[in-house]
Amino acid sequence: VLIRDFQSAKSAAAIAVQQVTEADDDAGDGWGWVRSIFGDAVEIRRTGAEPVETSDPIAAAEAALKAQNLRAAVAEIETLSGAGADAFANWKRGAEARLALESGLDTLRLTLLGAER
């Protein structure tokens with residue numbers, strides 16, 4: 001379910017990017033959509049300056065999910081801000097609930113194993 005919901009959130013983030021792109025940004029430089037989705041994870045500099053640093057937390061989160069590392073996926077999504085964070089808010093809540101459930105089950109299992117000794 002989390003993988004399916006991730007794809008829905010990814011689509012919602014793409015729509016949010018499109019809306020921000022169409023509305024342009026306050027800076028008027030055409031890069032507002034990048035800042036709205038990735039926040040501080042992406043640094044944009046003019047040509048001739050230092051190299052542009054980019055990070056794609058959504059792609060990294062998707063790769064982590066495919067590797068069955070939900071904790072890493074959540075950590076990547078937590079780096080989003082603005083419309084990207086909004087698009088993934090429900091997914092993140094569900095993923096955090098799943099992590100809490102797994103942690104609780106691990107604790108219960110260890111408690112039961114300890115009681116058997």
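Read on for an overview of the structure. Keep in mind that what you see is a predicted model, and the values were worked out from it rather than measured. (Residues numbered from 1 in each chain as written. Predicted model: local features only at pLDDT ≥ 70, side-chain atom pairs only at ≥ 80, totals over all residues. Heavy atoms only, no water.)

**Section: the pattern of salt bridges**
- Taken as a whole and judged by the stated rule, the model has four salt bridges.
- Asp5 is the salt-bridge partner of Arg4, the closest N and O atoms lying 3.4 Å from each other.
- Taking the shortest distance from any N to any O, the salt bridge between Glu102 and Arg98 comes out at 2.8 Å. On the criterion of helical spacing, the pair formed by Glu102 and Arg98 is a turn pair, its members being four residues apart in helix H5 (residues 82-116). (Salt bridge = Lys/Arg side-chain N within 4 Å of Asp/Glu carboxyl O. Helix = DSSP H or I, 4+ residues; strand = E, 2+ residues; numbered from the N terminus.)

**A word on a nonpolar patch on the surface**
- The grouping of Leu101, Leu105, Leu108 and Leu112 at the surface amounts to a nonpolar patch, some 380 Å² of accessible area in total.
- Following the sequence through the fold, Leu108 ends up in helix H5. (Patch = residues over 30% accessible without salt bridge, like charges linked within 9 Å, V, L, I, M, F, W, Y side chains within 5 Å. Areas by Shrake-Rupley, 256 points an atom, 1.4 Å probe, with all protein chains shown as cover.)

**Focus: the packing of aromatic side chains**
- By the definition in use, this model includes three aromatic pairs.
- On the numbers, 5.1 Å between centres and 55° between planes, the contact of Phe6 with Phe88 is tilted. Taken together, the residues Phe6 in helix H1 (residues 2-23) and Phe88 in helix H5 connect sequence positions 82 residues apart. For the residue pair Phe6 and Phe88, the accessibility class agrees, reading buried in each case.
- Centroid distance Phe6 to Trp91: 5.3 Å. Interplanar angle 80°. Geometry classified as edge-to-face. Linking Phe6 in helix H1 with Trp91 in helix H5, this pair joins segments that are 85 residues apart in sequence.
- On the basis of relative accessible area, Phe6 is assigned to the buried category, the value being 0%. (Phe/Tyr/Trp six-rings, centres within 6.5 Å; stacked < 30°, edge-to-face > 60°. Buried < 20%, exposed > 50% of the residue type's maximum accessible area, 1.4 Å probe, protein only.)

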